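Listed below, chain by chain, are the residues.
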2 protein chains.
Amino acid sequence: MKSDIEIARSIELKKIKQVAESVGIPREEVENYGRYIAKIPEQLIDEEKVKRSNLILVTAITATKAGIGKTTVSIGLALGLNKIGKKAIVALREPSLGPCFGMKGGAAGGGYAQVLPMEKINLHFTGDFHAITSAHNMISALLDNYIYQHQAEGFGLKEIIWRRVLDVNDRSLRSVVTGLGPRTNGITQESGFDITPASEIMAILCLAKDTDDLRRRVENIILGFTYDGKPFTVKDLGVAGAVTVLLKDAIHPNLVQTTEGTAAFVHGGPFANIAHGCNSILATKMAMTFGDYVITEAGFGADLGAEKFYNIKCRKSGLSPKLTVIVATAQGLKMHGGVSLERIKEPNMEGLREGFGNLDKHVRNLRSFGQTVVVAFNRFAGDTDEEVDAIRRHCEEELEVGFAINNAFAEGGEGAVDLAGLVVETIEKEPSAPLRYTYEENDSVQRKIEKVACNLYGASVVTYSSASRKMIKRIEEMGIAHYPVCIAKTQYSFSADPKLYGAVNNFEFHIKDIVINNGAEMIVAIAGEILRMPGLPKSPQAERIDIVGGEIEGLS
Amino acid sequence: MKSDIEIARSIELKKIKQVAESVGIPREEVENYGRYIAKIPEQLIDEEKVKRSNLILVTAITATKAGIGKTTVSIGLALGLNKIGKKAIVALREPSLGPCFGMKGGAAGGGYAQVLPMEKINLHFTGDFHAITSAHNMISALLDNYIYQHQAEGFGLKEIIWRRVLDVNDRSLRSVVTGLGPRTNGITQESGFDITPASEIMAILCLAKDTDDLRRRVENIILGFTYDGKPFTVKDLGVAGAVTVLLKDAIHPNLVQTTEGTAAFVHGGPFANIAHGCNSILATKMAMTFGDYVITEAGFGADLGAEKFYNIKCRKSGLSPKLTVIVATAQGLKMHGGVSLERIKEPNMEGLREGFGNLDKHVRNLRSFGQTVVVAFNRFAGDTDEEVDAIRRHCEEELEVGFAINNAFAEGGEGAVDLAGLVVETIEKEPSAPLRYTYEENDSVQRKIEKVACNLYGASVVTYSSASRKMIKRIEEMGIAHYPVCIAKTQYSFSADPKLYGAVNNFEFHIKDIVINNGAEMIVAIAGEILRMPGLPKSPQAERIDIVGGEIEGLS
């Protein structure tokens, strides 16, 4: 089979204005970024139309290093729905340059289920990530300058929590000391860089209602604490306006097209552990303004992605999906069934059945939100009919959820017609109930964490470091305990231990640290080791990316 | 008078395709970035047309903190030429976000002589600077990762000369230590960040002939030296292709429009001290492909900007200006005449006459290149007629150069009609001779430096630190002594001492350090204190930038 980029190149793209028109976006509102990408002004969102559109969340079983293919299923489902005559639009996250040049490759789908032009989407795209990087580091520079320029007047901060960001995988930048050299090089201090998707600005952009709301949230960002314990914010620095100016284009959703020329929005890309892992609210609502069915995804497995999608993104925006599609693969289930990574490509019915527990637990969790669930089986070349049948029977007979095979990677929309039919039928016959959140706004911070950890993850007890206890106290004193919690933990397990596969239960869940995202309006609870800045592997993908005769090679 | 951004907003912009068509760029070649900005593929450059076009360099007397207004004159001259029926296009550098949010404000001209949309040009524009920042820091990450991943095999570098960049004024990043914390955070080492215009990638982009040449130059970048003294390059790292992919759109010139709807190219923006300070060769040649008169500028005073424009940019591209316009202001001349900064706005004939020496020395220098010179007097509101007359008489009678007043800031093209007439007449009657470079390629490195420092700056002797002597030896051993030299010194004096105004002579010129830019193919000789990363003032411009009712305030 051809590589992703070869397939992408073989497809004749429509002009983006044509794509826009095909879903009813007026031509004159389309702001081109090249011929095949456009920004659509957020002002076009129509809340009445949003209410009438059918939102579908695509999530997955617990992630494996083999990959589950959630993005490919999301795009495939949109293709399939269009194929059976529905007006469907997919809304996805933007890829980050770090993983693209590191290990993972791009994030624009795969095979015949991609969003295009993939090489632009995977590279600088419309510059949203660069704008966020600029805005974030501009705050850093202005903060350090403020301290430097006002030190003679006795100003100082007891603690600085604002770091810097770059959209690159660079382990050397995780922990640095800045301001070395002569006194005119500023204050010497410990600092570090996170990858841009981990920036609070990214989370803010994805949760903001509009530019005014963006500015308000930027003002509220806490940069550090003064010696008398008060938060020092961007408002105190007096530069929220300047930061918002840097983000004024980035806030508008990006329109692209699928491998079959249908509309797709790709906008925002927060990390799915220390942030909420969903594309922007504005992009989802824009897609819902122009599509009858809107497919969106949330990062990593359902424990991380779907939970935050419902409890954070939906709570803040009023969205409520009609259906949740959970993606499973035979290889993934076998891994959760205890089969070693080297052997998951071989047929193994016993290992497969052992792995059903992971899927079952996710389905149970999704139902706790009132969601109707169907399983999309993402078929890989080596999967046997016997394996597929066993999973189908398990889903339909044991779990009593709809089941369909997605083959869009190999066949495009044609390969997702069954799945699309199942989705439409299920939404018509048995749509989800209104969302039931896992916790209430006025639950205490600990109660919120415990409800997620015990009721969804399966922990028996939650313990707290003294640092996190102190921070919870501070949060209560600041009167912001009503924010939702965003639990940062490994994507490889229901627990905080990446080595515990399957459907683990009755573990201790330890909160190491708590971080206030006062602009994003969420409380990040960190469990286990979470890297905010990835590293590169020994042989990074960058060694295989090249441009030959004007054509890019090595992007996938 | 209205502020720059108020004027910018009051002007109804033409669609950029219309602007392109007005100079003969085919519509289908225009790649829109929004409605009013486009990238024009470098492949459209036609060397035959370039040969027939009239290139005009705009340079200035030695810079003062008051500002000389070189960009405003460049744009004004283009407006004036169009006003008198000539097809004129201006080619300028892109502004950097650092100064824009720091002290200086934007860099898109001023008053009624601006390039538009100024708020986009001054902010993220087409993302070129972001692409350069990404490409540069991707190399840093890949380099540090290579050392980290190969240390077990005994690989190491004796010296690393590659730093990182960010497009921000952040003094805290000048000197940092990276790779702190656990061993998995990489190798602990000293490093630092420069501002993006100081990146060698920026210089490369502005000197590259095409994408292949760009890739070749990226491969040649020296990142450090091995323990046996060999250069370690991007080619050794094996990622030149990936870096070029990140720059594949950035290499194409950006088309915008002037306040009077005429075409303007704005592309590339290297520092004018540690780099060569001119917009890209590709943008200049693109403007010359479609314009009969092309106006371009070079950073800072003629000693820095014009010298590098001729000896580096013209030498590498084969370009040769028909005329050089030097911009002078009454305030600037008075400052060079010894008047204190606080009093230069007051009439002072004696101080003014004392300052003529600075202008005279620049004119003499420009003539040494074989250039025909005219003086553009950039009139400020407080200048008296007596002052203006004195300067005119000095130019026409003593210097025997053409003289015209530029009033484009206040009046647009109408205010530059005299200047335009003078320029056309001078080019017709007395065009410049073919360029005479200050030094030959096969002069030794020291000889090159001495020819610039003694013959142009007026130094009596050049001295070298032992570090720079060692580096010169290394350069000779590497067989790259034929590269042109790029002298990095203060823009405020002919000497390396920013406090020596006027037309100083007979000073010692000390070379502190030599840096090899093997990708840009130039040898940077550093004289005096050169900051590659500016700082912010106590009250940065960012405090005054805001967005109110969707409209930006505080950009200028």
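All values reported here derive from a predicted model rather than from experimental measurement.

All names here are of chain A. Spanning 15 residues, helix α16 (residues 385–399) covers 20 Å between terminal C-alpha atoms, matching the ideal 21 Å at 1.5 Å per step. If you check which residues of α16 are buried, you get Glu-387, Val-388, Ala-390, Ile-391, His-394, Cys-395 and Leu-399. One face of α16 carries all of its buried residues, which in axial projection span an arc of 160 degrees. Facing away from the buried side of α16 by more than 90 degrees, the exposed set consists of Asp-385, Glu-386 and Glu-397. Those residues of α16 that are buried lie in contact with α14 (330–336), α15 (349–368), β18 (373–378) and β19 (402–406). One or two positions beyond α16, positive phi appears at Glu-400, with a value near 55 degrees.

Turning to the domain arrangement of chain A, a few remarks are in order. Buried accessible area, meaning the area lost when the parts come together, often serves as the stated size of an interface. Residue and element names in this part refer to chain A. Along its sequence, chain A is organised into domain 1 (4–126 + 250–429), domain 2 (128–247) and domain 3 (445–527). Measuring from the centre of the C-alpha atoms in domain 1 to the corresponding centre in domain 3 gives 27 Å. Across the contact, 26 residues belong to domain 1 and 25 residues belong to domain 3. Together, the buried faces of domain 1 and domain 3 total about 2000 Å²; carbon and sulfur atoms form 62% of this surface. At the junction of domain 1 and domain 3, the tally comes to one salt bridge. We note a salt bridge from Asp-303 to Lys-489, for which the minimum N-O separation is 2.7 Å. The interface formed by domain 1 and domain 3 holds ten residue pairs in polar contact (both at pLDDT 80 or more) in total. Class assignment of the residues belonging to the side of domain 1 that touches domain 3 gives a composition of eight nonpolar, eleven polar and seven charged.

Here the UniProt-annotated "binding site: ATP" (unreviewed entry) positions come out as A:Thr64, A:Lys65, A:Ala66, A:Gly67, A:Ile68, A:Gly69, A:Lys70 and A:Thr71. You can see A:Gly69 is positioned in the loop between β3 (54–60) and α4 (70–83).

A few words now on the relation of the copies chain A and chain B. Relating one copy of the chain to the other takes a rotation about an axis and a shift parallel to that axis. Superposing chain A onto chain B takes a rotation of 180 degrees plus a shift of 0.0 Å along the axis, which leaves an RMSD of 0.0 Å. Each copy turns onto its partner about a two-fold axis. For chain A, the minimum C-alpha distance to the rotation axis belongs to A:Tyr33 and amounts to 2.2 Å.

What follows covers the sheet that holds strand β13 (residues 231–233) of chain A. Residues and elements named next belong to chain A. The strand order across the open sheet built from three strands is β7-β12-β13, with neighbouring strands paired in antiparallel fashion. Two strands close off the open sheet at either side, each with one partner strand: β7 (159–160) and β13. Two strands pair when backbone bridges link them, and strand β12 (residues 222–225) and β13 are joined in this way by three bridges, in the antiparallel orientation. Across the sheet, residue Phe-225 finds its bridge partner in β13, namely Pro-231.

Our next topic: the side chain of B:Glu94. Residues and elements named next belong to chain B. If you trace the backbone, Glu-94 turns up in the loop between β4 (88–92) and α5 (97–101). Within the buried core, Glu-94 has no salt-bridge partner, and the shortest N-O distance to an opposite charge, that of Lys-39, equals 5.7 Å. Reaching out from Glu-94, the side chain makes a polar contact with the side chain of Asn-254 at a distance of 3.2 Å. With near-sequence residues (within four places) excluded, Glu-94 lies in contact with Phe-125, Asp-128, Phe-129, Asn-254, Val-266, His-267, Gly-268 and Gly-269.

Moving on, we come to the interface of chain A and chain B. The interface is formed by 69 residues belonging to chain A together with 69 residues belonging to chain B. When chain A packs against chain B, the two sides together hide about 5900 Å² of surface, and 60% of this comes from carbon and sulfur. At the surface where chain A touches chain B, the tally comes to ten salt bridges. In this structure, B:Arg164 and A:Asp170 form a salt bridge, with 2.9 Å as the shortest nitrogen-oxygen distance. Linking chain A to chain B there are 35 residue pairs in polar contact (both at pLDDT 80 or more). For the side of chain A that touches chain B, the secondary-structure elements that each account for two or more residues are β1 (31–32), α5 (97–101), α7 (128–150), β8 (164–166), β9 (176–178), α9 (211–220), α11 (240–246) and β25 (546–548) of chain A. Counting residues per element, the side of chain A that touches chain B draws most heavily on α7(A), at 13 residues.

The rules we used
- Residues numbered from 1 in each chain as written.
- Chains lettered and ligands numbered in written order.
- Predicted model: local features only at pLDDT ≥ 70, side-chain atom pairs only at ≥ 80, totals over all residues.
- Heavy atoms only, no water.
- Helix = DSSP H or I, 4+ residues; strand = E, 2+ residues; numbered from the N terminus.
- Expected span 1.5 Å × (residues − 1).
- Buried < 20%, exposed > 50% of the residue type's maximum accessible area, 1.4 Å probe, protein only.
- Arc of directions from axis to C-beta.
- Contact = heavy atoms within 4.5 Å.
- Domains from an automatic or database assignment.
- Buried area = accessible area lost by both parts, 1.4 Å probe.
- Salt bridge = Lys/Arg side-chain N within 4 Å of Asp/Glu carboxyl O.
- Polar contact = N/O pair within 3.5 Å; in protein donor to acceptor, adjacent residues only side chain to side chain.
- Nonpolar A, V, L, I, M, F, W, Y, C, P; charged D, E, K, R; others polar.
- UniProt positions renumbered as here; feature names shortened; annotations may be inferred.
- Least-squares fit on C-alpha atoms with pLDDT ≥ 70 in both.
- Pairing = 2+ DSSP bridges.
- Lys, Arg positive; Asp, Glu negative; His and termini not counted.

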